[in-house]
Amino acid sequence: MSRTQASKASEAAPDREEALELYRRMLLIRRFEDTVQDLFLKGEVHGTTHLYSGQEAVAVGVCSVLGEHDRVAGTYRGHGHALALGVEAQGLLDELLGRATGVCGGRAGSMNVIDLEHRLIGCFGIVGGSIAAATGAALALKREGGVAVAFFGDGAINQGYFHECLNFARVFRLPAVYVCENNLYGEFTPYEQVTAGEIRARAETLDIPSQTIDGNDVWGVQTAAREAVQRARAGEGPCFIEALTYRFVGHSRSDPGRYRKPGELDSWRERDPLIRARDAIGDTEEVDQAVEAQIAQMIENALAAPFPSPDPNAREYKDG
Amino acid sequence: MEFRVAIRDALAEELERDERVVVFGEDVAAAGGVFVTTPGLLERFGPDRVFDTPISELALAGAAFGSAVCGLRPVIEIMFGDFLPLVMDSLVNQASKYWYISNEQASVPLVVRSAVGAGGRFGAIHSQSPVTWFHAVPGLKLVAPSTPADAKALLKAAVRDDNPVLFLEHKRLYSMKEDVGGGRSEAGELGSAAVRRDGSDVTLVSVMKGVHDCLAAAELLAEDGIDAEVIDLRTLRPLDRAAIAESLAKTNRLAAVEEGPRTGGWAGEVLAVAAEESLDDVDDLWRITTPEHPIPYSPSLEDAFLPGAEAIAESVRARLGFAVTARD
């Protein structure tokens, strides 16, 4: 497979209905994250948050090709992974607000969301944790023809998990797709400063087919993901995708992103995956309005939702 | 039956009973395990169920965690307990917390088997009993059997348990023999202690090889007219608190014998439970542990380092006010 430079949205947009659905999911993530940011500033979201704004095309493109037997492991920047999989936005927002109606009852919070019904085996607060979880998932899914996807950032490739798990997956030809979201920074530090060699080359030394793609082109991501998933499903082993993308916000709430080079954010804004999709689709007003209405209702519901009551009898172990 | 064969039989019976059970680790399949616990399983169950992995504990534990979330019931072997820090993220941060933070969507039915313990001249980093590293983790069960029969029954229970279990096997017990009866055995019960010797003067509490040291110490103490009760906790988490309380009600004195450093050890937890729940029954509580330095290599140093039967007996005599002269 060859390296693809970041470029305009691919010409081969799918039919309008599907295109609108991909766009809708990306917009939902963007507006969800804007909302989380606002609610954080108002003190309604606790701890910290790691927003996905700017990277939407990666999760949405990849998750659009997954089937019911497939599973996904996301990162601490995982709201986008969850929403792309179809996790209920209301339940996710409620979780971030620590409400009883959250997808994990308020027990998990932003960095650790789990929703097995929607095939999300977890979001992982440890850099590289998603790689391990997905590798194990692939071991189990091999029996039923499912594929496991790990999302992780460029920082994760310097963790032992990356090397050890990709080797493990390749040795046993596991149906795993490893998606590195290279947003140029590991937390506050440019990846080139702390990463030796090319990211993709590391997978290639393990004899894992790999490609570098434009992560802001949702259809390009979808095409690459479909190819990788089909290959994994056919028993040909793991694939690696490096998706070049950019987060429009800092690493976390405490990070204003001052380390960015002048003009860098602006140049990436011009490659905003949402705008590119909208330009390709044309009129999106109906979807735009529907998402705005959904968000407004979600905020109202979430703020009205009850906090969980501390359970003095909460169980340490599962029974039986 | 040897302890190591009991482990093998438990795995074989569970592999046969439930096709979701898989066994993997370094050198466990073709070679049969460095402690010869798993020969024959590969031949019997095939490479999809029993397989060798890279020397890659992060991947091993990650694969165990992820596959357990997705429907398998993996049993992995981490050859020496000293290597367990390499599995801590998957085991502690992910598997043990999954049931609770997922709001009880699922638990993670995996077993990590690992060989622990000193006395084999393996030096400081192949001889530890790293119970304490994992002791403070809600959601993780800790099993530490002392006999072949228990090893078989408790390993079967661990495989069937829906929660993550760390199953510790003491290196000095692998060759121990015991009649465990013919054929298949029932699964045991995790969290249930056993009274290995009835006594009325003092309770000795331990696990794994320590139980045998306590039994030998009890025989020495009997010569002095001290009647020691020996409790085998079998599972360190959950802890059989009732068994501790019942024994204390009889003996009023308790020594927890731990092969491990005193600071932060599980023996301290046993004493805390005794103090919290049985204070009215307590005349004395203390710990017999290893010194606060790494495990030495030289035989003379290692032997002196470990709390053997003589040391346990001597500690009990001293604590009960039996001066050496009392033996005259």
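Conventions we followed
- Residues numbered from 1 in each chain as written.
- Chains lettered and ligands numbered in written order.
- Predicted model: local features only at pLDDT ≥ 70, side-chain atom pairs only at ≥ 80, totals over all residues.
- Heavy atoms only, no water.
- Helix = DSSP H or I, 4+ residues; strand = E, 2+ residues; numbered from the N terminus.
- Rg over C-alpha atoms; globule rule 2.2 N^0.38 Å.
- Buried < 20%, exposed > 50% of the residue type's maximum accessible area, 1.4 Å probe, protein only.
- Areas by Shrake-Rupley, 256 points an atom, 1.4 Å probe, with all protein chains shown as cover.
- Lys, Arg positive; Asp, Glu negative; His and termini not counted.
- Charge placed at Lys NZ, Arg CZ, Asp CG, Glu CD.
- Pairing = 2+ DSSP bridges.
- Axes fitted to C-alpha atoms, helices over the stretch in contact; angles between N-to-C directions.
- Contact = heavy atoms within 4.5 Å.
- 1 Å grid on protein atoms, 1.4 Å probe; cavity = no way out; pocket = protein on both sides within 12 Å on 5 of 7 lines; lining within 4 Å.
- Points joined across faces, edges and corners; volume = space filled by probe spheres on them.
- Nonpolar A, V, L, I, M, F, W, Y, C, P; charged D, E, K, R; others polar.
- Right-handed = clockwise from strand over helix to strand, strands pointing away.
- Polar contact = N/O pair within 3.5 Å; in protein donor to acceptor, adjacent residues only side chain to side chain.
- Buried area = accessible area lost by both parts, 1.4 Å probe.
- Salt bridge = Lys/Arg side-chain N within 4 Å of Asp/Glu carboxyl O.
- Phe/Tyr/Trp six-rings, centres within 6.5 Å; stacked < 30°, edge-to-face > 60°.
- Lys NZ or Arg CZ within 6 Å of the ring centre and 35° of its normal.

J.: Go over the overall build of chain B, please, and point to the residues and values.
T.: Within chain B, the regular secondary structure consists of eleven helices and twelve strands. Relative to the globule expectation of 20 Å for 328 residues, the C-alpha radius of gyration of chain B, 20 Å, shows essentially globular dimensions. Considering only C-alpha atoms, chain B reaches an extent of 65 × 45 × 40 Å along its principal axes. Here chain B holds 328 residues, and the buried ones make up 62% of them.

J.: An account of the overall build of chain A is requested, with residue identities and associated values reported.
T.: Regarding its fold elements, chain A presents twelve helices and eight strands. Taken against the 2.2 N^0.38 rule, which gives 20 Å for 320 residues, the C-alpha radius of gyration of chain A at 19 Å falls within 12% of a compact globule. Along the three orthogonal principal directions, the C-alpha set of chain A runs to about 55 × 50 × 40 Å. Counting only residues that meet the buried cut, chain A has 57% of its 320 residues in that class. Accessible surface computed for chain A: about 12600 Å², of which carbon and sulfur atoms make up 49%. In chain A, 33 side chains carry a positive charge and 46 a negative one; their mean positions are 4 Å apart.

J.: Any chance you could break down the sheet that holds strand E12 (residues 284-290) of chain B for me, citing the residues and the numbers?
T.: Residues and elements named next belong to chain B. One open sheet accounts for five strands, arranged E7-E9-E8-E11-E12; its pairing is mixed. Each of the sheet's edge strands pairs with one partner strand only, and the pair in question is strand E7 (194-197) and E12. Averaged over all adjacent pairs, the angle separating strand axes in this sheet is 25 degrees, with direction ignored. Sheet topology places E7 next to strand E9 (residues 228-232); three bridges connect them, and they run antiparallel. Its bridge partner being in E9, Arg197 is matched across the sheet by Val230. Across the face of the sheet, helix H9 (residues 266-278) comes into contact with strand E8 (202-206), strand E11 (253-261) and E12 while running at roughly 160 degrees to E11. Sitting on the sheet, helix H11 (residues 309-319) touches E8, E11 and E12, and the angle it makes with E12 is about 150 degrees.

J.: Describe the layout of surface pockets, naming the residues involved and giving the relevant values.
T.: All names here are of chain B. The space that makes up the largest pocket amounts to roughly 300 Å³. Along its surface, the largest pocket is lined by 19 residues, and Gln128, Ser129, Gly260, Pro261 and Ile295 are the ones closest to its centre. Only helix H5 (131-135) and E11 provide two or more residues apiece to the lining of the largest pocket. Here the lining of the largest pocket gets four residues from one element, more than from any other, and that element is E11. Grouping the constituent residues of the lining of the largest pocket by class yields eight nonpolar, eight polar and three charged.

J.: Any details on the environment of Glu219 of chain B? Residues and values, ideally.
T.: Inspection of the secondary structure assignment puts Glu219 of chain B in helix H7 (residues 209-223). Sequence separation of Glu219 of chain B and Ala313 of chain B is 94 residues, and the distance between their C-alpha atoms is 8.9 Å.

J.: Got a sec to walk through the pairing of E9 of chain B? Specific residues and values, please.
T.: Residue and element names in this part refer to chain B. Most of E9 sits inside the fold, with five of its five residues counted as buried. Along E9, one buried face is formed by Ala228, Val230 and Asp232 and the opposite face, lined by Glu229 and Ile231, is buried too. Summarising the sheet, E8 and E9 pair through five bridges and their orientation is parallel. Looking at the pairing, Val202 lines up with Ala228 of E9. Tracing the backbone out of E8, into H7 and back to the parallel element E9 gives a crossover that is right-handed.

J.: Describe the side chain of Arg234 of chain B, listing the residues and the values that go with them.
T.: All names here are of chain B. Within the secondary structure layout, Arg234 lies in the loop between E9 and strand E10 (235-237). At 2.9 Å, the side chain of Arg234 and the backbone oxygen of Ser192 are in polar contact. Once you skip the residues sitting within four places of it in the chain, Arg234 turns out to touch Val143, Ala144, Pro145, Asp150, Leu154, Ser192, Ala193, Ala194, Arg196 and Val207.

J.: Account for unusual backbone geometry, naming residues and giving values.
T.: All names here are of chain B. That bond from Arg237 to Pro238 is cis: its omega, 0 degrees, falls within 30 degrees of zero. Here Pro238 shows up in the loop between E10 and helix H8 (241-251). Even without being glycine, Glu104 reaches a positive phi, approximately 65 degrees.

J.: I'd like to hear about the environment of Gly235 of chain A, residue by residue, with values.
T.: All names here are of chain A. Mapped onto the secondary structure, Gly235 falls in the loop between helix H9 (218-233) and strand E8 (239-244). For Gly235, a relative accessible area of 43% translates into the label partly exposed. Between the alpha carbons of Gly235 and Lys142 there is a distance of 8.0 Å; along the sequence they are 93 residues apart.

J.: Which residues make up the interface of chain A and chain B, and what values go with them?
T.: Opposite the 35 residues of chain A that make contact, chain B presents 44 residues. Between chain A and chain B, a total of about 3400 Å² is buried, with carbon and sulfur atoms accounting for 60% of that surface. Per-residue buried area on chain A facing chain B is highest for Arg107, Tyr317 and Lys318 of chain A; these three make up 22% of the total on that side. The tally of links between chain A and chain B comes to four salt bridges. Residues Asp162 of chain B and Lys318 of chain A are paired through a salt bridge, measuring 4.0 Å at the closest nitrogen-oxygen approach. Where chain A packs against chain B, one counts 17 residue pairs in polar contact (both at pLDDT 80 or more).

J.: Quick rundown of the pattern of salt bridges? Include the residues and the values.
T.: All names here are of chain B. On inspection of all chains with the given rule, the structure shows 44 salt bridges over all chains. The shortest N-O distance in the salt bridge between Glu277 and Arg241 comes to 2.1 Å. Residue Glu277 is found in helix H9, and its partner Arg241 is found in helix H8; the two are separated by 36 residues along the sequence. The exposure class assigned to Arg241 is partly exposed, which follows from its relative accessible area of 34%. One salt-bridge network, held together by shared partners, links Glu13, Glu14, Arg17, Lys152, Lys156 and Arg160.

J.: How would you sum up the packing of aromatic side chains? Please name residues and give values.
T.: Applying the stated criterion across every chain, the model contains 18 aromatic pairs over all chains. Measuring from centroid to centroid gives 6.0 Å for Phe152 of chain A and Phe162 of chain A, while their planes differ by 65 degrees, and the two rings are edge-to-face. Of this pair, Phe152 of chain A sits in strand E3 (residues 148-153) while Phe162 of chain A sits in helix H6 (residues 160-171); the two residues are ten residues apart in sequence, bridging distant segments of the chain. For the pair shown, Phe152 of chain A and Phe162 of chain A are each scored as buried. Through pairs of rings, three or more aromatic residues link up here, namely Phe3, Phe35, Phe80, Phe83, Phe122 and Tyr174 of chain B. Across the ring face of Phe307 of chain A, the terminal group of Arg99 of chain A is positioned such that the distance to the ring centre comes to 4.0 Å. If you follow Arg271 of chain A out to its NZ or CZ, it ends over the ring of Trp268 of chain A, 4.0 Å from the centre.

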